[in-house]
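Notes for the structure review
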Amino acid sequence: MTATTRPTPTASRAAWARKHLFRTPRDSVITVITAAVLFVIVWRTIRFVFFTGRWEIVRVNLGLYLYGRYPTDDLWRLVVTLVVISATAGLIAGIIAKRTRIAAQAAGTPLPGTSIVGRIVELAFRLWPVVVLVALLLLLSETITPTLVTLATVAAAIAGRLVGALLPKRATFLAFVLPGVLPVVLLPFLTAAQGWDDWGGFMLTIFLAAVSMLACFPLGLVLALARRSTLPAVRVIGVGVIEFFRGVPLVVLVLMSSVALGFFLPQSILPGKVVRVIVAFTIFTAAYVAEIVRGGLQSVPRGQTEAAQALGMSPFRVTGWIVLPQALRNVIPALVGQFISLFKDTTLVFVIGFLDVLSVADAVTKQSQFDLANFAEATAFASLLFWVGSYTLSRESQRLEQRLGVGTR
Amino acid sequence: MSDTPGTDAVFADATQVAGTGGVMIELDGVDKFFDDFQALKDINLKVGKQEVVVVIGPSGSGKSTMIRCINRLEKHDNGRIVVDGTELSDDIRNIQAIRRETGMVFQSFNLFPHLSVLENITIAPRQVRNMPRAEAEAQAQELLTRVKIPEQANKYPGQLSGGQQQRVAIARALAMKPKVMLFDEPTSALDPEMIGEVLDTMQSLAEEGMTMICVTHEMGFARNVADRVLFMADGEVVEVGTAEHFFTDPQEERTKLFLSQIL
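Just so it is clear, the structure is predicted and the values come from calculations on it, not from any experiment.

Description of the sheet that holds strand β1 (residues 23-34) of chain B
Residue and element names in this part refer to chain B. Strands sit in the order β2-β1-β4-β5 across an open sheet of four strands; the sheet is antiparallel. At either end of the open sheet lies a strand with only one pairing partner, and these are β2 (37-48) and β5 (86-87). In the sheet, strand β4 (residues 78-83) pairs with β5 via two bridges, with the strands oriented antiparallel. When the sheet's bridge partners are listed, valine 83 is paired in β5 with threonine 86.

In structure tokens form, the structure reads like this:
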């Protein structure tokens with residue numbers, strides 16, 4: 001800062017306070033009251049978290065929170081799954097990073113190189129809620145095993161990333177194939193220990209949310225396109241499905257999936273409870289996704305379609321290459337909002353007897369050594385798990401938005 | 001461009017083609033309705049190969065509707081439209097076949113904002129003509145050089161000026177190697193200082209022998225480039241002639257009124 005610029009920060013800060021907080025007597029009163037309320041809230045939160053809160057209930061039941069009643073002898077299956085998923089994610093990130101780098105080079109604007117350590121630090125800052133949560137979990141756990149598992153997972157991700165960046169260009173298809181192959185391989189592996197109808201904890205929450213999100217997107221897309229179709233029959237089916245499932249409360253669908261489906265389908269072909277409830281979440285969310293996507297499709301100017309048509313592109317290609325990419329980019333915020341909503345709505349499975357995170361928080365207060373006085377701690381921890389998930393989703397979607405929006409408008 | 005008719009040449013009707021190269025586009029008794037409103041009334045027009053036709057007229061006169069019927073962005077209700085010997089029908093294959101041969105440039109550019117300039121130009125040849133990527137990109141670079149912005153290939157449309165965007169739009173249409181180019185008020189959305197660069201591009205295209213129909217109010221362009229000028233009003237072709245004819249000796253009252261307003 002040069003000598004000619006503004007006065008010292010302290011002076012300006014005092015001046016700022018006078019101007020914005022204490023300009024009139026009424027301003028001063030409002031400022032003081034607000035400050036007092038804020039102070040009480042912050043102080044009570046700190047006192048609860050660090051002093052009065054009895055976090056024993058969480059520490060003792062950490063396993064229950066995270067993976068429900070998964071058999072202890074088979075926990076290694078979870079570890080293997082975690083490491084494999086992590087390595088795959090790293091691999092895909094590596095492949096994508098390499099392609100981005102090559103593309104940037106071709107465009108004449110090569111990306112600056114960063115060291116591996118720099119990248120890891122950057123990623124840790126980006127995903128800080130996850131990092132903080134994992135650190136907290138490790139602090140709460142009593143053995144060394146969780147730390148080793150965490151290290152193995154991180155190492156797998158780094159290894160995957162490095163290998164992915166080394167793969168030749170024709171390995172790019174792996175980035176599309178692996179996410180499809182992985183569930184097919186991992187699900188039988190995980191369910192070998194115990195049927196998945198007895199899954200619980202955060203594992204169940206993430207599983208329900210992830211599968212429903214992946215499945216509801218293509219279904220919602222198809223419904224949205226069906227609703228805009230020029231074929232009357234297709235349009236009627238699209239409108240019917242969308243309006244029916246948007247009009248029914250989700251909790252009714254969840255209950256129906258568990259109870260009522262049994263009246264219509266014979267037991268022999270009735271899929272498991274988890275599958276049924278995933279179908280309920282998927283169709284319900286797909287109806288909302290369809291309306292979001294339809295809004296996006298309408299936001300693309302008519303001239304875009306006309307320009308593509310005038311070039312002789314087929315209706316299919318006009319939609320796939322010109323209209324949809326723009327429509328989807330426009331609706332990322334709404335879409336992610338819907339996904340976050342879905343993530344939290346998975347707690348509704350408690351009505352059909354699943355032991356998800358929220359049910360765990362309720363159940364542990366009924367253990368003999370704890371009581372309802374511990375309810376605040378038990379639910380606060382469950383809330384933290386959900387917040388970390390939702391906030392990360394939200395942040396990553398903003399990042400995606402920015403990346404896709406580069407240089408376009 | 002064909003041999004330019006003399007300054008005093010007056011065409012009896014719009015089906016009299018300038019030059020001798022044969023007919024590229026033929027409109028025969030074309031009507032077009034928007035609900036109860038008749039936008040085109042019995043349009044008869046022939047455009048010869050390598051001919052440049054400029055269409056002028058007040059807004060709402062059906063100029064844009066007419067050229068949008070030629071590549072079926074609007075469906076005509078009566079009459080026949082024939083492009084390079086193929087009659088436009090309701091069959092989507094037939095429509096796409098005609099669209100492939102017919103480039104169009106819009107008033108509002110309509111570039112694809114999510115694709116780079118290079119991708120804007122290569123997408124149609126690659127998707128519609130199955131051209132290999134390398135070949136399509138080489139061709140795109142050539143076209144960009146032709147419209148004098150080779151250095152913008154990797155930018156996005158939003159990063160270009162209006163004049164540059166419209167030149168990319170021309171390059172995008174040319175990438176399909178069309179036999180006809182349709183221009184729908186290509187300079188109307190541009191700032192005055194950018195109009196020249198787009199008209200220059202269009203003029204050199206005409207000089208290379210492209211068949212063109214241009215809806216525009218640029219009378220200077222009409223005078224320099226057009227073989228024939230068509231004046232339309234209320235969905236009808238009112239008067240046909242050379243640009244000189246319109247400047248010096250317009251016949252119809254409606255033509256005189258319109259010209260007095262724009263000149």
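Quick look at helix α6 (residues 192-207) of chain B
Residues and elements named next belong to chain B. Counted at 1.5 Å a residue, the expected span for α6 with its 16 residues is 22 Å, and the 24 Å between its end C-alpha atoms agrees. Turning to α6, its buried residues number three or more, namely Met194, Ile195, Val198, Leu199, Thr201, Met202, Leu205 and Ala206. All buried residues of α6 fall inside an arc of 155° around its axis, so they share one side. Of the exposed residues in α6, those oriented more than 90 degrees away from the buried face are Glu193, Asp200 and Glu207. Among the residues trailing α6, glycine 209 stands out with phi positive, at a value near 100°.

Things to note about helix α5 (residues 162-174) of chain B
In this model α5(B) runs 18 Å from its N-terminal to its C-terminal C-alpha over 13 residues, within 8% of the 18 Å that 1.5 Å per residue would give. In terms of residue burial, α5(B) counts as a mostly covered element, since 13 of its 13 residues are buried.

With respect to the confidence of the model for chain A
Across chain A, the average pLDDT comes to 88, with 96% of residues at 70 or higher. In the model of chain A, helix α1 (residues 9-20) of chain A stands out as the element of lowest mean pLDDT, 79, in contrast to helix α14 (residues 302-310) of chain A, which has the highest, 96.

Considering a nonpolar patch on the surface
Residues Phe39(A), Val40(A), Val42(A), Trp43(A), Ile46(A), Val49(A), Phe50(A) and Phe51(A) make up a contiguous nonpolar surface patch of about 840 Å² in total accessible area. Structurally, Val42(A) can be placed in helix α2 (residues 25-52).

So, the sheet that holds strand β8 (residues 211-215) of chain B
Residue and element names in this part refer to chain B. A sheet is described by the order of its strands in space; here six strands give the open sequence β6-β7-β8-β3-β9-β10, paired in mixed fashion. Each end of this open sheet is capped by a strand with a single partner; those strands are β6 (102-105) and β10 (236-241). Strand-to-strand twist across the sheet, computed as the mean angle between neighbouring axes with direction ignored, equals 20°. Looking at chain direction, strand β3 (residues 52-56) and strand β9 (residues 228-233) are connected through four bridges and run parallel. Across the sheet, residue valine 55 finds its bridge partner in β9, namely leucine 230. Along the sheet face, helix α2 (residues 92-101) touches β6 and β7 (180-184) and points at about 65° away from the line of β6.

Here is what the cut-offs are and how they apply
Residues numbered from 1 in each chain as written. Chains lettered and ligands numbered in written order. Predicted model: local features only at pLDDT ≥ 70, side-chain atom pairs only at ≥ 80, totals over all residues. Heavy atoms only, no water. Pairing = 2+ DSSP bridges. Helix = DSSP H or I, 4+ residues; strand = E, 2+ residues; numbered from the N terminus. Expected span 1.5 Å × (residues − 1). Buried < 20%, exposed > 50% of the residue type's maximum accessible area, 1.4 Å probe, protein only. Arc of directions from axis to C-beta. pLDDT = per-residue confidence, 0-100. Patch = residues over 30% accessible without salt bridge, like charges linked within 9 Å, V, L, I, M, F, W, Y side chains within 5 Å. Areas by Shrake-Rupley, 256 points an atom, 1.4 Å probe, with all protein chains shown as cover. Salt bridge = Lys/Arg side-chain N within 4 Å of Asp/Glu carboxyl O. Axes fitted to C-alpha atoms, helices over the stretch in contact; angles between N-to-C directions. Contact = heavy atoms within 4.5 Å.

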